[in-house]
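A closer look at the structure
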Amino acid sequence: MKLGLIAGNGRFPFLLLDAARAEGHEVVVAAIKEETDPEMDRRAEADTGVTVHWLSLGELSRLIDTFREAGVTKAVMAGQVKHKQIFSSIRPDWRLAKLLLSLRTRSTDALLGAVAKVLGDEGIELIRSTAFLESLLAAEGVLTTRAPDEDETRNIEYGRQVAGALAGFDIGQTVVVAAQACVAVEAMEGTDAAIERAGRLMRTLEAEASTLERRLTVVKVAKPNQDMRFDVPVVGISTVETMIRAGASCLSIEAGRTLLFDREALLHRANAAEIAIIAAPR
């Protein structure tokens, strides 16, 4: 199979590219100028089975033409495209402009679902973003040396309720909790920025006496009807580093629905900082 890869930012596109190549697939990369790491060109130079085409975020028609000319009938999205980009200075082509005008809301699912339908109508099937990376999905249970304590467990129970409701509206997938109170919720800024915001807020309270537990618990969930073709929850070592800076001591994710990047390094860093990570059943 010749696979189309719509590459956003971060390491996700490279991990998927390597996994697809390991299975013998040729890969046609549609690299987004505003998001994709330039390292993608060097990756293609070293592998004749990889070709890269650089496109602007607004060039939906060119994306379709690129894949059709290359003979791509299956494609995958990997890597974040920051939601705030829809408010940036990108110039949508006629096809994307028509799509944007047709949407009742401009949530992640609405946007990407509409793009997936347009691709499908053109004979390009968008497949699961985890198709080649099933081994990176978190298995159920405590993943670190330390398990969540009583306070953290109560935070997780409360946080999962709040995060589930938040994700149901396709606003964000992460909440940050302390003493069963919601300190921050994720929106367009992303997980790490939400954690940082919670840390800043808690630091403003350091000089004041309190009987409440100050440690932060981060709860990340999949959407109630998570479309595994896009926007799958991802946790990497940068998330753990952000938690350390913010003063967070526990992370809850969803088993089977969350990708763990650099798992060994991530868990080593979490253990060294005495952070508990648990993958809860859906």
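This text follows the structure it describes.
Notes on the structure follow. Owing to the predicted nature of the structure, the values given are computational and were not obtained by experimental measurement. (Residues numbered from 1 in each chain as written. Predicted model: local features only at pLDDT ≥ 70, side-chain atom pairs only at ≥ 80, totals over all residues. Heavy atoms only, no water.)

What follows deals with the side chain of T217. By the element assignment, T217 lies in strand β9 (residues 216-220). Looking at T217, the relative accessible area reads 0%, which means it is buried. At a separation of 3.2 Å, a polar atom in the side chain of T217 contacts the side chain of N155. (Helix = DSSP H or I, 4+ residues; strand = E, 2+ residues; numbered from the N terminus. Buried < 20%, exposed > 50% of the residue type's maximum accessible area, 1.4 Å probe, protein only. Polar contact = N/O pair within 3.5 Å; in protein donor to acceptor, adjacent residues only side chain to side chain.)

By size, the foremost hydrophobic cluster in this structure holds 27 residues, and its most contacted members are L5, L16 and V29. Listing elements by their share of this core, those giving two or more residues are β1 (2-7), α1 (12-22), β2 (26-32), α2 (39-45), β3 (50-55) and β4 (74-78). At seven residues, the largest contribution of residues to this core is made by α1. Contact partners of L16, with chain neighbours within four places excluded, come to L3, L5, V76, A78, S129, F132 and L133. (Core = buried A, V, L, I, M, F, W, Y, C linked by side-chain atoms within 4.5 Å. Contact = heavy atoms within 4.5 Å.)

Not every positive phi belongs to a glycine, and D170 is a case in point at roughly 55°. Relative to the elements of secondary structure, D170 occurs in the loop between α6 (150-168) and β7 (174-178). At Q180, a position not held by glycine, the phi torsion is positive, near 55°. Its place among the elements puts Q180 in the loop between β7 and β8 (181-185). A residue is classified by how much of its surface remains accessible, and Q180, at 35% relative accessible area, is partly exposed.

Among all positions in helix α9 (residues 263-272), only L266, L267 and A270 are buried. For α9, the angular spread of the buried residues around the axis is 90°, confining them to a single face. The exposed residues of α9 that point more than 90 degrees off its buried face are E264, H268 and A272. Just downstream of α9, E274 is the residue with a positive phi angle, here 60°. (Arc of directions from axis to C-beta.)

What follows is about the pairing of strand β11 (residues 248-254). Every other side chain in a regular strand lies on the same face of the sheet, so the side chains alternate between the two faces. Counted residue by residue, β11 has seven buried out of seven residues, so it is predominantly covered. In the sheet, β9 pairs with β11 via four bridges, with the strands oriented parallel. Looking across to β11, one finds that V218 is bridged to L251. Bridging between β11 and strand β13 (residues 276-280) involves five bridges; their strand directions are parallel. Looking across to β13, one finds that C250 is bridged to A276. (Pairing = 2+ DSSP bridges.)

We now examine the pairing of β2. Of all seven residues making up β2, six are buried, and the element is well covered by its neighbours. Here β1 runs beside β2; their pairing, made up of six bridges, is parallel. Residue pairing in the sheet places K2 in a bridge with E26 of β2. A crossover connection joins β1 to the parallel β2 through α1; in handedness this β-α-β unit is right-handed. Here β2 pairs with β3 via six bridges, running parallel. Bridged to A30 within β3 is H53. Chirality of the crossover, the property in question, places the unit of β2, α2 and β3 among those that are right-handed. (Right-handed = clockwise from strand over helix to strand, strands pointing away.)

Tallied over the full model, the rule gives 25 salt bridges. For R43, the salt bridge is made with D47, and the minimal N-O distance between the two is 3.4 Å. Judged by relative accessible area, which is 19%, R43 ranks as buried. Residue classification places D47 among the buried residues on the basis of a relative accessible area of 14%. (Salt bridge = Lys/Arg side-chain N within 4 Å of Asp/Glu carboxyl O.)

A sheet is described by the order of its strands in space; here five strands give the open sequence β3-β2-β1-β4-β5, paired in parallel fashion. Either end of the sheet is taken by a strand with one partner, and the two such strands are β3 and β5 (125-126). Direction of pairing for β4 relative to β5: parallel, over a ladder of two bridges. Note on β5: the bridge partner recorded for A75 is L126. Contacts between helix α3 (residues 60-70) and the sheet are confined to β1, β2, β3 and β4, with β1 contributing the most and set at about 160° to the helix. (Axes fitted to C-alpha atoms, helices over the stretch in contact; angles between N-to-C directions.)

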